[in-house]
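An overview of the molecular structure
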Amino acid sequence: MKYIYINIQKIKNKTLNTFYENLNIVYKTKINKILTPQKRKQSIAGLMLLNILLNSEYNLNLNDLKINYNKCDKPYIKDKNIFFNISHSFDYVICAISDKEIGVDIEKIRNTNIKNIKWFATPKEQEFIMKSKNINLNLFKLYTLKEAYFKMKGTNLNNLLNVEFDLKNDKSDTKSFVHHTKKINDYIFSIIEKK
């Protein structure tokens, strides 16, 4: 597993524009459907990070590959044993790549309505978060873990309460997956890779 992240405010517009102009028409068409400039910038940056990882790890170029999507909109590279996932939140974009199924999620740590915790945290997870010194940090840590888990599985988020995480550890190794969580500035991301 390899990953790369970037603050999109640190990417020069010229760099993004040049990358966009060199994308094939399939990717450009998808980007052109995005309505807001911020989300367009996030999308271009995500593909740019994916291209960097494809090039450095597999000596491949994004324009030479076909990305398909499963029924839950999870992207995958057709005819290759390469799995990737991209996530963005406000100014940060992250991309993870592996030869196994992988999911990644990044979130800006911010004040949020703690009542929302009940729809995605088990009672044990809720107890840990509510007793922690930094409720928002641990709430978003859990949320990124759950989002990354379901992205790795390639399914929707209907069963958030069916998986439980030990929030004391930033790295974990279970029978079916490994996970890694890291804080960068005011953001936290989690990556989950299938074993």
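Residues numbered from 1 in each chain as written. Predicted model: local features only at pLDDT ≥ 70, side-chain atom pairs only at ≥ 80, totals over all residues. Heavy atoms only, no water.

1. Some thoughts on the overall build of the chain
- The helix and strand tally for the chain stands at 5 helices and 9 strands.
- Tracing the chain from N to C terminus, the helices and strands come up as β-α-α-α-β-β-β-β-β-α-α-β-β-β.
- Reported as C-alpha extents along the three principal axes, the dimensions of the chain are approximately 50 × 35 × 25 Å.
- Nonlocal contacts in the chain, meaning residues at least 24 apart in sequence, comprise 59% of its contacts between residues at least 6 apart.
- Looking at the chain as shown, the accessible area adds up to about 11000 Å², and 49% of this sits on carbon and sulfur atoms.
- Between the centroid of the 34 positive side chains of the chain and the centroid of its 19 negative side chains there is a distance of 3 Å. (Helix = DSSP H or I, 4+ residues; strand = E, 2+ residues; numbered from the N terminus. Contact = heavy atoms within 4.5 Å. Areas by Shrake-Rupley, 256 points an atom, 1.4 Å probe, with all protein chains shown as cover. Lys, Arg positive; Asp, Glu negative; His and termini not counted. Charge placed at Lys NZ, Arg CZ, Asp CG, Glu CD.)

2. Examining the sheet that holds strand 1 (residues 2–7)
- The strand order across the open sheet formed by 3 strands is 1-5-4, and the pairing between neighbours is antiparallel. Every interior strand has two partners, whereas the edge strands, strand 1 and strand 4 (83–89), have only one. Ignoring strand direction, the axes of neighbouring strands in this sheet form an average angle of 10°.
- Sheet topology note: the strand 4/strand 5 (residues 92–98) ladder contains 7 bridges and is antiparallel. When the sheet's bridge partners are listed, Phe-84 is paired in strand 5 with Ile-97.
- Sitting on the sheet, helix 3 (residues 37–58) is in contact with strand 1, strand 4 and strand 5, with an inclination near 30° to strand 5. (Pairing = 2+ DSSP bridges. Axes fitted to C-alpha atoms, helices over the stretch in contact; angles between N-to-C directions.)

3. Topic: the confidence of the model for the chain
- With 100% of its residues at a pLDDT of at least 70, the chain reaches an overall mean of 93.
- Mean pLDDT per element in the chain: strand 7 (residues 171–173) is the minimum at 79, and strand 1 is the maximum at 98. (pLDDT = per-residue confidence, 0-100.)

4. Quick word on the pairing of strand 4
- Most of strand 4 is tucked away: 5 of the 7 residues are buried.
- Two successive antiparallel strands, strand 4 and strand 5, enclose a turn made up of 2 residues, where Phe-90 displays a positive phi of approximately 55°. (Buried < 20%, exposed > 50% of the residue type's maximum accessible area, 1.4 Å probe, protein only.)

5. Focus on the packing of helix 4 (residues 123–131) against helix 5 (residues 135–153)
- As a packed pair, helix 4 and helix 5 sit with axes 7 Å apart at the nearest point and diverge in direction by 150°. Comparing their axes, helix 5 and helix 4 come out roughly antiparallel. Here helix 4 contributes Glu-125, Phe-128, Ile-129 and Met-130 to the contact with helix 5, which in turn contributes Ile-135, Asn-138, Leu-139, Leu-142 and Lys-146. (Parallel < 35°, antiparallel > 145°, perpendicular 65-115°, else oblique.)

6. Things to note about the pattern of salt bridges
- Evaluated as defined, the whole model comprises 6 salt bridges.
- Between Glu-125 and Lys-146 there is a salt bridge, with its nearest N and O atoms 2.9 Å apart. One end of the pair, Glu-125, is in helix 4; the other, Lys-146, is in helix 5, and 21 residues separate them in sequence.
- With a closest N to O distance of 2.9 Å, Glu-127 and Lys-131 form a salt bridge. Placement of both Glu-127 and Lys-131 in helix 4 is noted, with a separation of 4 residues, approximately one turn of the helix. (Salt bridge = Lys/Arg side-chain N within 4 Å of Asp/Glu carboxyl O.)

7. Some thoughts on the environment of Glu-193
- Within the secondary structure, Glu-193 is located in strand 9 (residues 187–194).
- The class for Glu-193 is buried, based on a relative accessible area of 9%.
- Linking Glu-193 and Ser-132, residues 61 residues apart in sequence, is a C-alpha distance of 27 Å.
- Ignoring anything within four residues of it in the chain, the contact list for Glu-193 reads Met-1, Ser-98, Lys-100, Glu-101, Ile-102, Ser-176, Phe-177 and Val-178.

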